[in-house]
Amino acid sequence: MNRLSQHAQMALAIKLMVFGVRTSIVQLHTGISAPILRALYREINNGEAPVSGQMSESDGVVGTRHDVIEASLFLNLYVHVGTETVFRTINIDALIRAYSLFLEFRAEAGLASAPKIGPTEAWILVRDLRIRDLSLRSCECGCTYAVVHKHRLLPRCPACGTDNEPAIHTSESATRIGRSTASVSSARVCFSDEADRSSKPLNVRSVSTSANPS
């Protein structure tokens, strides 16, 4: 590997660590050895050791109806920003841009709690979208939502409760998702409390007009 390639890989490693993903993910995308990445992580994070242990699967990330809504919002943004490339490879730039937009939408909705989907969980979702362990389905109500294939939850639309077939997960569908059903709901999505079933409306602008990558 020449010096320019080494610098590019190191720059990507720093970018991913600042973004907040696990060092194991950084190693996968850069090929840099684990000891070097651990040392780099400590340098970036004021001596703090990197998180270790097994990562969750997508069915663990998307555990409730509320999680389905948040995962759907993030993934719709990711598909819109990355277009058809996200069905062939993990698009790191689109991942970071979509996650930033995801946090902006949550802030607009007045959600003060930290999202369950962090940067590492976001990477897990886009990985499983690429390998088709996770799909996006389009509902007649205007909602495009995430379905984890091995999940115990029934694959129903989180906005209206309808079961929809077939799943959208191919590159041919990327343009349609981005242009017509990119927002989690055309008008609103309810964040449901699993305990008391109370809900809070989330007004979202159309992703196709507000999530314009620059």
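Residues numbered from 1 in each chain as written. Predicted model: local features only at pLDDT ≥ 70, side-chain atom pairs only at ≥ 80, totals over all residues. Heavy atoms only, no water.

Colleague: How would you explain the overall build of the protein if you had to name every residue and give the values?
Modeller: Check the secondary structure of the protein and you find nine helices and four strands. Along its sequence from the N terminus, the protein presents helices and strands in the succession α-α-α-α-α-α-α-β-β-α-β-β-α. For the protein, long-range pairs separated by at least 24 residues make up 62% of all intrachain contacts whose partners lie at least 6 apart in sequence. Accessible area of the protein: about 10700 Å², with a carbon and sulfur share of 49%. (Helix = DSSP H or I, 4+ residues; strand = E, 2+ residues; numbered from the N terminus. Contact = heavy atoms within 4.5 Å. Areas by Shrake-Rupley, 256 points an atom, 1.4 Å probe, with all protein chains shown as cover.)

Colleague: Provide a residue-level description of helix 3 (residues 34–44), including the pertinent values.
Modeller: Burial in helix 3 covers these residues: Leu-37, Leu-40 and Tyr-41. Within helix 3, the buried residues cover an arc of 105° as seen down the axis, which keeps them to one side. Lining the buried residues of helix 3 we find helix 1 (3–19) and helix 2 (23–30). Positive phi appears at Asn-46, one or two residues downstream of helix 3, with a value of about 55°. (Buried < 20%, exposed > 50% of the residue type's maximum accessible area, 1.4 Å probe, protein only. Arc of directions from axis to C-beta.)

Colleague: So what's going on with the side chain of Arg-22? Which residues, and what values?
Modeller: Here Arg-22 shows up in the loop between helix 1 and helix 2. Glu-121 is the oppositely charged side chain nearest to the buried, salt-bridge-free Arg-22, at an N-O distance of 6.5 Å. (Lys, Arg positive; Asp, Glu negative; His and termini not counted. Salt bridge = Lys/Arg side-chain N within 4 Å of Asp/Glu carboxyl O.)

Colleague: So, helix 2: which residues are in play, and what are the values?
Modeller: Within helix 2 the residues assigned to the buried category are Thr-23, Ile-25, Val-26 and Thr-30. Down the axis, helix 2 shows its buried residues gathered within 155° of arc, on one side only. Looking at the buried positions of helix 2, the neighbouring elements they touch are helix 1, helix 3 and helix 7 (119–130).

Colleague: Account for the pairing of strand 1 (residues 134–138), with residues named and values stated.
Modeller: Of all five residues making up strand 1, four are buried, and the element is well covered by its neighbours. Strand direction decides the pairing type here: strand 1 and strand 2 (residues 144–148), joined by five bridges, are antiparallel. Across the sheet, Ser-138 pairs through a bridge with Thr-144, a residue of strand 2. Counted between consecutive antiparallel strands, the loop separating strand 1 from strand 2 contains five residues, among which Gly-142 sits at a positive phi close to 100°. (Pairing = 2+ DSSP bridges.)

Colleague: An account of the pattern of salt bridges is needed here, citing residue identities and associated values.
Modeller: Taken as a whole and assessed by the stated rule, the structure comprises five salt bridges. Note that Arg-127 and Glu-57 form a salt bridge whose closest N and O atoms lie 3.3 Å from each other. Here the residue Arg-127 occupies a position in helix 7, and Glu-57 occupies one in the loop between helix 3 and helix 4 (58–61), the gap between them amounting to 70 residues. In this structure, the salt-bridge partner of Glu-70 is Arg-106, at a minimum N-O distance of 2.9 Å. Here the residue Glu-70 occupies a position in helix 5 (residues 65–82), and Arg-106 occupies one in helix 6 (residues 92–108), the gap between them amounting to 36 residues. The residues Glu-70 and Arg-106 share a single accessibility class, namely buried. When salt bridges with common partners are traced through the structure, they connect Glu-57, Arg-127 and Asp-128 into a single cluster.

Colleague: Tell me what's going on with the nonpolar core, and back it up with residues and numbers.
Modeller: Generally speaking, soluble globular proteins have nonpolar side chains that are buried together. Residues Phe-74, Leu-75, Tyr-78, Leu-95, Ile-117, Leu-125 and Leu-129 are the most contacted members of the largest nonpolar core, which totals 45 residues. Those elements giving two or more residues to this core turn out to be helix 1, helix 2, helix 3, helix 5, helix 6, helix 7, strand 1 and strand 2. Apart from the residues within four sequence positions on either side, Leu-125 is in contact with Ser-58, Val-61, Val-62, Ala-71, Phe-74, Leu-75, Ile-117 and Leu-134. Listed in part, the five residues of the second largest apolar core include Cys-139, Cys-143, Tyr-145 and Cys-157. (Core = buried A, V, L, I, M, F, W, Y, C linked by side-chain atoms within 4.5 Å.)

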